[in-house]
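This is what each chain is made of:
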Amino acid sequence: GEDVEQSLFLSVREGDSSVINCTYTDSSSTYLYWYKQEPGAGLQLLTYIFSNMDMKQDQRLTVLLNKKDKHLSLRIADTQTGDSAIYFCAESNDYKLSFGAGTTVTVRA
Amino acid sequence: NAGVTQTPKFQVLKTGQSMTLQCAQDMNHEYMSWYRQDPGMGLRLIHYSVGAGITDQGEVPNGYNVSRSTTEDFPLRLLSAAPSQTSVYFCASGTVVNTGELFFGEGSRLTVL
C-alpha cells in the first residue's frame, strides 16, 4: 500500500550483507514486520519488532527501527542463495496489516 | 498441519462470469483477510473479518463480496469478473492479540479474459 514504501530491487553478492529499507507512515503501529515470499508461495513472517524497540537481532537478521524518521531496515548477514526472495515490510493498524510493494532480492554468486 | 488452505490454485474466467475463491483455516484464528498481489503494488487488502458474522472492507473492496458464517471459512466472491481483477489472491489468518502475525495461504492465480 501507499503508506509503506520500499525500494523494488536489490542485488547482492553471496556472502555479503543485504540491507533492505522501508519507510512507513502510521506512528501508532504497535508492531512492524518483515515478511518473506519465495517464488510461487505465500508470505511467511521473517521477523517483527515491537514499536518501543530500536533494534532486534535474530541469528543472521538485524532489524533497526528509527521511530522519529519512521524508518525500518532489515539487514541479512552472510547472504545465501536461499535468501533470494521478495521481502515485504508491513505495519499494523487496528488488526490490519499494510504492506509495502516488496523488495526483490537477487543473490549472485 | 494444514494451516490456511486456498482453492482453486489457478482459475481462468471470462469477463462477466462469477466465481468464489475458498479459504479455510484450522488454527481457530479470529481474524481472516483477503489480499490481492499485483506487480509493483505489493499486497492490497480487499476485505477482512475479526470473527464469525463480522466483515469489513479493506483498501480495494469494489467488485468483491465476503461472508464469515464460521470461524474456519472465509470465501471471496467475484460477482461479475473484470480483466482488472486478474491478480494473485492471498487469504491470511491470525489472532487479533499478541504480535498480530498473519499466516498466508499459497495463493490463487486468477486470470480474467
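Look up: the structure comes first, before these words.
First things first, this report covers the structure right here in the doc. (Residues numbered from 1 in each chain as written. Chains lettered and ligands numbered in written order. Predicted model: local features only at pLDDT ≥ 70, side-chain atom pairs only at ≥ 80, totals over all residues. Heavy atoms only, no water.)

1. Remarks on the state of the cysteines
Going through the model one piece at a time under the given rule, you end up with two disulfides over all chains. Across the disulfide from C22 of chain A sits C89 of chain A; the S-S distance is 2.0 Å. One quick way to see it: the torsion about the S-S bond of C22 of chain A and C89 of chain A is about -65 degrees, and its sign makes the bridge left-handed. Taken together, the residues C22 of chain A in strand β3 (residues 18-24) and C89 of chain A in strand β9 (residues 85-93) connect sequence positions 67 residues apart. As far as the burial class goes, C22 of chain A and C89 of chain A line up, both buried. Paired through a disulfide, C23 of chain B and C91 of chain B show a sulfur-sulfur distance of 1.9 Å. Judged by the sign of its S-S torsion, about -75 degrees, the cystine formed by C23 of chain B and C91 of chain B is left-handed. (Disulfide = S-S within 2.5 Å. Helix = DSSP H or I, 4+ residues; strand = E, 2+ residues; numbered from the N terminus. Buried < 20%, exposed > 50% of the residue type's maximum accessible area, 1.4 Å probe, protein only.)

2. Digging into unusual backbone geometry
Between T7 of chain B and the following residue, P8 of chain B, the backbone shows a cis peptide bond with an omega angle of -10 degrees. By the secondary structure assignment, P8 of chain B is in the loop between β1 (4-7) and β2 (10-13). Although it is not a glycine, D78 of chain A sits at a positive phi angle of roughly 50 degrees. Structurally, D78 of chain A is set in the loop between β8 (71-76) and β9. We classify D78 of chain A as partly exposed; its relative accessible area is 41%. Phi is positive for N28 of chain B, close to 60 degrees, though the residue is something other than glycine.

3. Points about the packing of aromatic side chains
All names here are of chain B. Considering all chains together, one arrives at 13 aromatic pairs over all chains under this definition. On the basis of an interplanar angle of 40 degrees and a centroid distance of 6.1 Å, the ring pair of Y35 and F104 is categorised as tilted. Here F104 lies in strand β10 (residues 102-104) and Y35 lies in strand β4 (residues 31-38), a separation of 69 residues in the sequence. By relative accessible area, Y35 is classed as buried at 1%. By relative accessible area, F104 is classed as buried at 12%. Ring centres 6.3 Å apart and planes at 75 degrees place the aromatic pair F90 and F104 in the edge-to-face group. Of this pair, F90 sits in strand β9 (residues 87-94) while F104 sits in strand β10, and the two are 14 residues apart along the sequence. (Phe/Tyr/Trp six-rings, centres within 6.5 Å; stacked < 30°, edge-to-face > 60°.)

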